[in-house]
Amino acid sequence: MRCTACPAPAVVDQPYRGSHVCADHLRASVEERFRREMHRQLPRFRGGTIAVALSGGKDSATALALAHDYFSGRPDVALLAVSVDEGIPGYRPATLGAAAELCRSLGVEQTVVRAADRLGTTTDATARALHGMPPCSYCGVWRRRLLNGAAREAGAQALVLGFNLDDLAQTVLMNVAHGDLDRLARMAPHRTTQPGLVPRLAPLAQVPEREVYLYARLRGLPFDHGECPHAARAARNRFREMVWQLEEAQPGTRQALLRTHEQIAERWGASAPAPYRCRSCGDPASSPLCRACRFLGAAEAPPEVA
Ligand code: SF4
Ligand SMILES: [Zn+2]
Ligand SMILES: [Zn+2]
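Computed from a predicted structure; not experimentally measured.

> Any chance you could explain the coordination of the zinc ion (ligand 3) here in plain terms?
Note on metal sites: the ideal angle is 109.5 degrees for four tetrahedral donors, and 90 or 180 degrees for six octahedral donors. Bound to the zinc ion (ligand 3) are the protein donor atoms C278 (SG), C281 (SG), C290 (SG) and C293 (SG), situated 2.3 Å from the metal. Bound by four donor atoms, the zinc ion (ligand 3) shows angles of 106 to 113° at the metal and therefore tetrahedral coordination geometry. All donors of the zinc ion (ligand 3) belong to a single chain; written as a sequence motif, their spacing is C-x2-C-x8-C-x2-C.

> It is not clear to me how the site of ligand 1 should be interpreted in this structure. Could you clarify?
Every residue lining ligand 1 is accounted for by I88, R92, C136, C139, R143, C228, H230 and A231. No other element matches helix α6 (residues 135-153), which puts three residues into the shell around ligand 1. Its residues assigned to classes, the shell around ligand 1 shows five nonpolar, one polar and two charged.

> Any chance you could explain the coordination of the zinc ion (ligand 2) here in plain terms?
Donor atoms from the polypeptide that bind the zinc ion (ligand 2) are C3 (SG), C6 (SG), C22 (SG) and H25 (ND1), placed at 2.1 to 2.4 Å. What the four donor atoms of the zinc ion (ligand 2) show is an angle range of 99 to 114° at the metal, which sorts the shape as tetrahedral. Binding-site remark: the zinc ion (ligand 2) is held by donors from one chain whose sequence spacing is C-x2-C-x15-C-x2-H. In this pair, C6 is assigned in the segment before β1 (12-14) and H25 in helix α1 (residues 23-41), connecting sequence segments 19 residues apart. Under the relative-accessibility criterion, H25 is labelled partly exposed at 31%.

> Help me understand the packing of α6 against helix α12 (residues 291-300) in this model?
The angle between the axes and the distance between the axes are what describe a pair of packed helices. Interaxial distance between α6 and α12 falls to 9 Å at its minimum, and their mutual angle equals 130°. Considering the angle they form, α6 stands oblique to α12. Handedness of the α6/α12 crossing: left-handed. Across the interface between the two elements, S137, Y138, V141, W142, R144 and R145 of α6 pack against R291, A292, C293, F295, L296 and A299 of α12. Classifying every residue of the contact of α6 with α12 gives eight nonpolar, one polar and three charged.

> Would you mind showing me how to read the nonpolar core here?
Counting residues in hydrophobic clusters, the biggest one holds 36 residues, and the most contacted among them are L42, I50, L64, F71 and L79. For this core, the secondary structure elements donating two or more residues are α1, β3 (48-53), α2 (58-70), β4 (77-85), α3 (92-106), β6 (156-160) and α9 (209-219). Ranked by residue count, the leading element in this core is α2, at six residues. Here I50 is in contact with L42, F45, F71, V77, A78, L79, L80, A158 and V160, once residues within four sequence places are set aside. Formed by 29 residues, the second largest nonpolar core is a distinct cluster that contains L119, L159, V198 and C278.

Parameters and conventions
Residues numbered from 1 in each chain as written. Chains lettered and ligands numbered in written order. Predicted model: local features only at pLDDT ≥ 70, side-chain atom pairs only at ≥ 80, totals over all residues. Heavy atoms only, no water. Donors = N, O, S within 2.8 Å, 3.2 Å for Na, K, Ca; no water. Tetrahedral: all angles 85-135°; square planar, octahedral: opposite > 155°, others 65-115°. Near = heavy atom within 4 Å. Helix = DSSP H or I, 4+ residues; strand = E, 2+ residues; numbered from the N terminus. Nonpolar A, V, L, I, M, F, W, Y, C, P; charged D, E, K, R; others polar. Buried < 20%, exposed > 50% of the residue type's maximum accessible area, 1.4 Å probe, protein only. Axes fitted to C-alpha atoms, helices over the stretch in contact; angles between N-to-C directions. Parallel < 35°, antiparallel > 145°, perpendicular 65-115°, else oblique. Left-handed = near helix turned anticlockwise from the far one by under 90°. Contact = heavy atoms within 4.5 Å. Core = buried A, V, L, I, M, F, W, Y, C linked by side-chain atoms within 4.5 Å.

Shown next as structure tokens:
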């Protein structure tokens, strides 16, 4: 199969565009989609600190490398990579190693935030205490809190996330399936700022997961291929499967799901600030006690005796 744009062999097909692309055209097209989304999601940026969430996997490695390129001509912008150590010994140390290597190679400052220090517990310790609850439910909420806290402490104007098109399409579908329009409207990318919450950007929103992976490989970025031992229990897995099937039957479904999110965010008023400040941690929250603190309370509670 040849590239749709040149005689070189294609490395990936893009049924949602009716094209096949070679390595060079894939790189150029990923970079262009990233730039376009940054312009759209962060218009008229006047300089300052941009935090980038860096797990050490392919998506965040790609987001950091592209953010580094994007701001390379801007001496008024400082990048800060923020990595979270949730406390998953069989998995996280390797990804943190890859993250540190990438930061060294790009010359980007990195900070590592540890759940054990900031929350007084870890994902693995909580998984042992709360057998019945899928670890991703609290681990993801805690990670968001730690990332936001680190970005806020650094005075960052925005927090760049490595979410790709598949991730976001799955999240839209999950929120719809749970009937949670509030959370759907509040998904990244954020259009507005509110006190205490660093706006989250998702500049890889138009790039499918497979293309992010190929891009990271073609560019030789260091990233870790490991999978979290808790991932098999994630509720997201069902939605990943559904999105694949829908996309195969009807190419372009992922982009359509993203447009659904954008339209709902506009009409639902995603710009409305969170109505509460958590009574325990003070973060913006949709209820008097934020989800992160509710999970912390559950993790501390003694297990029920049957
Ligand atoms: S897969 Fe789940 S438990 Fe593992 S790091 Fe991700 S959110 Fe946490
Ligand atoms: Zn080509
Ligand atoms: Zn709280």
